[in-house]
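As a plain string of letters, each chain reads:
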Amino acid sequence: MILVTGGTGLLGSHLLFDLVSSGKPVRAIKRKTSNTAAVKKVFSYYSGKADELFGKIEWVDADIMDFVAMDDALEGIDYVYHAGAVVSFYPRDHKAMLTVNIEGTANLVNLCIARKIKKFCYVSSVAVLGRAVNDGVSDETTYWQPSKKNSVYGQSKYGAEREIWRGIEEGLNAFIVNPSVILGPGFWDGGNSGLFSLVWKGLKYYTRGVNGYVDVRDVARAMIQLMESDISKERFIVSSENCSYQQVFEYMGKYLGKPAPSINVPNAMTGIAWRVETVLSFIMRRLPEVTKEMATTTTMVYTYSNEKIKKAIGFEFKPVEQSIKEISEIFLKDHSGGK
Ligand SMILES: NC(=O)c1ccc[n+]([C@@H]2O[C@H](COP(=O)([O-])OP(=O)(O)OC[C@H]3O[C@@H](n4cnc5c(N)ncnc54)[C@H](OP(=O)(O)O)[C@@H]3O)[C@@H](O)[C@H]2O)c1
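Here's what I pulled together on the structure shown here. Since we're looking at a predicted model, the values are computed, not measured.

Rules used in this analysis
- Residues numbered from 1 in each chain as written.
- Predicted model: local features only at pLDDT ≥ 70, side-chain atom pairs only at ≥ 80, totals over all residues.
- Pairing = 2+ DSSP bridges.
- Helix = DSSP H or I, 4+ residues; strand = E, 2+ residues; numbered from the N terminus.
- Axes fitted to C-alpha atoms, helices over the stretch in contact; angles between N-to-C directions.
- Near = placed C-beta within 6 Å.
- Nonpolar A, V, L, I, M, F, W, Y, C, P; charged D, E, K, R; others polar.
- Parallel < 35°, antiparallel > 145°, perpendicular 65-115°, else oblique.
- Contact = placed C-beta atoms within 7 Å.
- Buried ≥ 20, exposed ≤ 12 C-beta atoms within 10 Å, placed from the backbone.
- Right-handed = clockwise from strand over helix to strand, strands pointing away.

Another aspect to go through is the sheet that holds strand β5 (residues 119-123). In spatial order, the strands read β3-β2-β1-β4-β5-β7-β11; together these seven strands make up an open sheet with parallel pairing. Looking at strand neighbours, the two that pair on one side only are β3 (57-61) and β11 (235-238), the edges of this open sheet. Recorded for the sheet is a direction-independent mean angle of 20° between the axes of neighbouring strands. Bridge analysis of strand β2 (residues 26-30) against β3 gives five bridges, and the strand direction is parallel. By the bridge assignment, Arg27 is partnered in β3 with Glu58.

Encoded structure:
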């Protein structure tokens, strides 16, 4: 039996779809506040039997921080996919992010060692690679470097990845995937899926930054292929292409039938924007639309090599334009009654 954490999120819901579609027995954790309807919605994008497939998942209530509930969730489990994490650039989430992502992962590693789990997949991020290196291509041997430019999210994923390497030293049969920016449908109000909503609503501005991008279905497929291989004690960048934000927004505009953002925001302006936005959000008691970390990330040039996973398992990635085309088609169906 397989255990999935983070199954109610963008990546986890797609992973669950692939696992149950291929007939594998799956248990997934959720919390009382989790939105499992979003998972069923994701299933409906790819299958006419969404309800039936969703019904095959054994859901158990467990917070990653609840050691006892996680231990119970591991009863009878052979394989673990750990995709659950707090993913945020908001300062108010920093403490929870560090705790859940690092301590939660450490606890799960300890439980999996004690229970002699057969194989463990950890979803890390390219944010743990040497992000201080600007303009160079990062690969799996590009190591974390302390830098003021590292986000707290990056710090939390780096701390979590260290727990996996520690677990491997203590006998855990594990591997790590490091996805770049994951593009996928269904969670239109936030995260990267929210970029489609922004372009749909007429986003005018773009920054000069470059980043790696990957289709969510490719990430799920890579995780399953690596889990079913003999490979362990390795990490793999999972990234299709390096693209500028301008290019990505152009693709989104093209396939959503909206004008692409055309006004470049100079790097110095993003620094002003997040400061003004911080003050406004404080006065108006709302979440800032631009944070310091968002402003920094979107102006940097980060590029990644995907050669290792291509060579290791012959993996082929969907081109970013194709991903954006397919996700835009789903977006348009979901918003067919909208403006
Ligand atoms: N999105 C990206 O571009 C990207 C890129 C690289 C790596 N990653 C990594 O990929 C993984 C999945 O990301 P995602 O984009 O799918 O994130 P997401 O949509 O925000 O989903 C996060 C998941 O983690 C769960 N979670 C958070 N805190 C939890 C807790 N205390 N106990 C139990 N579950 C908890 C959430 O459950 P609830 O539904 O209950 O909140 C949700 O299922 C994460 O590890 C992330 O760091 C993401």
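Once the structure has been displayed, the description carries forward.
Residues in close proximity to the ligand total 30 residues, the closest being Thr8, Gly9, Leu11, Ser34 and Ala85. Broken down by element, the residue count for the shell around the ligand peaks at three residues, all from helix α1 (residues 10-21). When grouped by side-chain class, the residues that make up the shell around the ligand number 15 nonpolar, 12 polar and three charged.

Moving on, we come to the packing of helix α5 (residues 94-114) against helix α6 (residues 152-169). At a minimum axis separation of 9 Å, α5 and α6 run at an interaxial angle of 10°. With respect to α6, the axis of α5 lies roughly parallel. On the side of α5, the interface is formed by His94, Met97, Leu98, Asn101, Ile102, Thr105, Ala106, Val109 and Ile113, while α6 contributes Val152, Tyr153, Gln155, Ser156, Lys157, Gly159, Ala160, Glu163, Ile164 and Gly167. Residues that form the contact of α5 with α6 fall into these classes: 10 nonpolar, seven polar and two charged.

Let's shift gears to the pairing of strand β1 (residues 2-5). With burial as the criterion, each face of β1 is covered, one bearing Ile2 and Val4 and the other bearing Leu3 and Thr5. Two elements, β1 and β2, share three bridges in a ladder whose sense is parallel. Among the inter-strand pairings, Ile2 is bridged to a residue of β2, identified as Val26. In the classification by handedness, the crossover that spans β1, the intervening α1 and the parallel β2 is right-handed. Examined bridge by bridge, β1 and strand β4 (residues 79-82) share four bridges and lie parallel to one another. Across the sheet, the residue bridging to Leu3 is Val80, located in β4.

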